[in-house]
Amino acid sequence: MTAPPDYSPMFELLAALNDEETRRLSPAAALSADGRRRRAEERIGYRQHFAQDADRILHSRAYTRYIDKTQVFCLISNDHITHRVLHVQLVSRIARTIGRFLRLNEDLIEAIALGHDIGHPPFGHAGEHVLSSLCSVHDLPPFQHNIQSVRALERLERKGRGWNLTLQTLDGILCHDGEVHAARLAPEPLGDFAGFDAKLTAKSADPAINLLPMTLEACVVRLADTVAYIGRDIEDAIILGLIRRDDIPAGPRQLLGETNGSIVYSLVTDLIGHSRVTPPDCPLTAGTDYIGFSQPVAEALDELKRFNYEKIYLSQQTRQHIPMIERCYRDLFSFYLRHLEDGTSDRLHVDLMGDLEDSYTRYQPPAARVRDFIAGMTDDYFLAQAAAIGCPVPPRL
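Model, not experiment: these values are computed from the prediction. (Residues numbered from 1 in each chain as written. Predicted model: local features only at pLDDT ≥ 70, side-chain atom pairs only at ≥ 80, totals over all residues. Heavy atoms only, no water.)

Enquirer: Give me the lowdown on the overall build of the protein, citing residues and values where you can.
Expert: A tally of helices and strands in the protein yields 17 helices and 2 strands. For 397 residues, the compact-globule formula gives about 21 Å, and the C-alpha radius of gyration of the protein, at 22 Å, lands near that figure. Seen through its principal axes, the protein has C-alpha atoms that stretch 70 × 65 × 40 Å. A buried classification covers 54% of the 397 residues belonging to the protein. The contacts in the protein between residues at least 6 apart in sequence include a share of 75% that link residues at least 24 apart. On the protein, roughly 18200 Å² of surface is accessible, and the fraction owed to carbon and sulfur atoms is 53%. For the protein, the separation between the mean place of its 43 positive charges and that of its 54 negative charges on side chains is 2 Å. (Helix = DSSP H or I, 4+ residues; strand = E, 2+ residues; numbered from the N terminus. Rg over C-alpha atoms; globule rule 2.2 N^0.38 Å. Buried < 20%, exposed > 50% of the residue type's maximum accessible area, 1.4 Å probe, protein only. Contact = heavy atoms within 4.5 Å. Areas by Shrake-Rupley, 256 points an atom, 1.4 Å probe, with all protein chains shown as cover. Lys, Arg positive; Asp, Glu negative; His and termini not counted. Charge placed at Lys NZ, Arg CZ, Asp CG, Glu CD.)

Here it is in structure tokens:
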């Protein structure tokens, strides 16, 4: 009889890696050994917690569907225009660079970055807005993609079992909120999953609440999210003819540059230079560490954001197909909801979340099941399903 493999050397290496973190990283960094999961795991693995989280997210079905989800521009037949999958990779890369120079935990940064947009529905923020309206009509909390990201990774993946990610990763995903402008972020300690659940419930009830992450790593990802999209969206808009390069406001252009590369470099350099993170082997003073830009750069970034909103995100060309997409959302939601309420969903050629564990299918109202199903769709699948029920769909340009 063959003896079972001896994994003890791997656990010795794990202990050495954890020890190395305590020497190499800032005392304000999140240590892998401190990762906390909601449920004890049957198999005790030799992987570090946050590295394992990143792999679980990368192997999730929801991550696979990033590949056909809108970032800003939809229905464009141009392979050089940014999709959601590229955006999250850019956030991960930029945030890890910042984290490396500040001596923070790159594995936690990567896990948060890869998972931060998992809950985005088809067609980006336009889809999020109409899905939120539909939720409110059907007595559900307003739809928020960060909450849906947590929901997908905790309750929908793996047929309802979820991935059992660490508290630190889930909190970073919940709190990423890159749309809120912030010059500086400092973490707010969080003790356990009970505190996390209270935080999520409060945000679900009031989307205006500005949640603060529990780790400096999550603060890095939240600011890196903006760094990743601000210049990239400008490049995409120039390719599509929405703006010219000399349309970029003079102040930000002079301070940050006029190309995505120069903008990213300027923002990352400023962020590294003006953040306050206790160096390794130095005593930690609670409440003194933060991630942030200098005041001039924060103001230039804010001006650039306002420029992007006015000239790109809210432009007529960017939004030309939104009315048709909104109608498709409403028609699909009504169609699926009617079949669930009538008990005729088994006649459809789609599975309205019916393959999840009984704890989900038994206790979720029909509208919640429809929300979860639509939120997980890719753009193309959404349009195919809308066309299948007779809803006019916009053409690809």
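Enquirer: An account of the side chain of glutamine 364 is needed here, citing residue identities and associated values.
Expert: By the element assignment, glutamine 364 lies in the loop between helix 15 (358-361) and helix 16 (366-375). The buried category is assigned to glutamine 364, whose relative accessible area is 15%. Within the structure, the side chain of glutamine 364 is placed 2.9 Å from the side chain of arginine 151, a separation counted as a polar contact. (Polar contact = N/O pair within 3.5 Å; in protein donor to acceptor, adjacent residues only side chain to side chain.)

Enquirer: I'd love a proper account of the packing of helix 2 (residues 49-58) against helix 5 (residues 106-115), names of residues and values included.
Expert: As a packed pair, helix 2 and helix 5 sit with axes 7 Å apart at the nearest point and diverge in direction by 20°. Considering their axes alone, helix 2 and helix 5 lie roughly parallel with respect to each other. The crossing of helix 2 and helix 5 is left-handed. Together, Phe50, Ala51, Asp53, Ala54 and Ile57 of helix 2 and Asp107, Leu108, Glu110, Ala111, Leu114 and Gly115 of helix 5 make up the contact between the two elements. Across the contact of helix 2 with helix 5, the residue classes tally to 7 nonpolar, 1 polar and 3 charged. (Axes fitted to C-alpha atoms, helices over the stretch in contact; angles between N-to-C directions. Parallel < 35°, antiparallel > 145°, perpendicular 65-115°, else oblique. Left-handed = near helix turned anticlockwise from the far one by under 90°. Nonpolar A, V, L, I, M, F, W, Y, C, P; charged D, E, K, R; others polar.)

Enquirer: Please set out unusual backbone geometry residue by residue, giving values where relevant.
Expert: Although it is not a glycine, asparagine 164 sits at a positive phi angle of roughly 50°. Summarising the element assignment, asparagine 164 is placed in the loop between helix 7 (145-156) and helix 8 (167-174). Located in the positive-phi region is aspartate 281, a residue other than glycine, with phi close to 65°. Among the secondary structure elements, aspartate 281 is positioned in the loop between helix 12 (260-274) and strand 2 (291-292).

Enquirer: Describe helix 13 (residues 295-313), listing the residues and the values that go with them.
Expert: Here helix 13 is 19 residues long and its end C-alpha atoms lie 25 Å apart, about the 27 Å a rise of 1.5 Å per residue gives. Of all the positions in helix 13, only Val297, Ala298, Ala300, Leu301, Leu304, Lys305, Phe307, Asn308, Ile312 and Tyr313 are classed as buried. On its buried face, helix 13 is in contact with helix 10 (216-239), helix 11 (250-256) and helix 12. (Expected span 1.5 Å × (residues − 1).)

Enquirer: Please set out the nonpolar core residue by residue, giving values where relevant.
Expert: Grouped together as the largest cluster of nonpolar side chains are 118 residues, with contacts concentrated most on Ile291, Tyr336 and Phe382. Looking at which element gives the most residues to this core, the answer is helix 10, with 13 residues. The contact partners of isoleucine 291, leaving out residues within four places of it in the chain, are Leu102, Leu104, Ala183, Arg184, Leu185, Leu216, Cys219, Val220, Leu223, Leu271, Ser275 and Val277. (Core = buried A, V, L, I, M, F, W, Y, C linked by side-chain atoms within 4.5 Å.)

Enquirer: Let's hear about a nonpolar patch on the surface: which residues, and what values?
Expert: A contiguous nonpolar surface patch, about 580 Å² in accessible area, is contributed by Tyr7, Met10, Phe11, Leu13, Ile44 and Tyr46. Counting through the fold element by element, tyrosine 46 comes out in the loop between helix 1 (8-24) and helix 2. A relative accessible area of 34% places tyrosine 46 in the partly exposed class. (Patch = residues over 30% accessible without salt bridge, like charges linked within 9 Å, V, L, I, M, F, W, Y side chains within 5 Å. Salt bridge = Lys/Arg side-chain N within 4 Å of Asp/Glu carboxyl O.)

Enquirer: Can you tell me about the environment of glutamate 217, naming the residues and giving the values?
Expert: With respect to the element layout, glutamate 217 can be found in helix 10. Take glutamate 217: its relative accessible area is 0%, and that puts it in the buried class. The sequence separation of glutamate 217 and alanine 28 amounts to 189 residues, and the corresponding C-alpha distance is 9.7 Å. Glutamate 217 has contacts with Ala29, Ala30, Leu104, Asn105, Leu108, Ile109 and Ile112, leaving out every residue within four places of it along the chain.

Enquirer: How would you summarise empty space enclosed by the protein if you had to cite specific residues and measurements?
Expert: Under the counting rule described, the total for this entry stands at 1 cavity of 30 Å³ or more. Each pocket or cavity is described by its volume, and for the largest cavity that value is around 90 Å³. Residues belonging to the lining of the largest cavity are distributed by class as follows: 6 nonpolar, 3 polar and 3 charged. (1 Å grid on protein atoms, 1.4 Å probe; cavity = no way out; pocket = protein on both sides within 12 Å on 5 of 7 lines; lining within 4 Å. Points joined across faces, edges and corners; volume = space filled by probe spheres on them.)

Enquirer: Could you give me a rundown of the packing of helix 5 against helix 8, with the residues and numbers involved?
Expert: Axis separation between helix 5 and helix 8 bottoms out at 9 Å; the angle between their running directions is 45°. Taken together, the axis directions place helix 5 and helix 8 in an arrangement best described as oblique. For the crossing formed where helix 5 meets helix 8, the hand is right-handed. Side by side, helix 5 and helix 8 meet where Leu108, Ala111, Ile112 and Gly115 of the first sit next to Gln168, Thr169, Gly172 and Ile173 of the second. Split by residue class, the contact of helix 5 with helix 8 holds 4 nonpolar, 4 polar and no charged.

Enquirer: Break down the side chain of histidine 116 for me, with residues and values.
Expert: Looking at where histidine 116 falls in the secondary structure, it is placed in the loop between helix 5 and helix 6 (124-137). Exposure remark for histidine 116: the relative accessible area of 0% places this residue in the buried category. A distance of 3.3 Å separates a polar atom in the side chain of histidine 116 from a polar atom in the side chain of aspartate 117. The residues contacting histidine 116, other than those within four sequence positions of it, are Tyr66, His87, Val88, Val91, His145, Ser149, Ile173, His176 and Asp225.

That is the geometry; function is a separate question.
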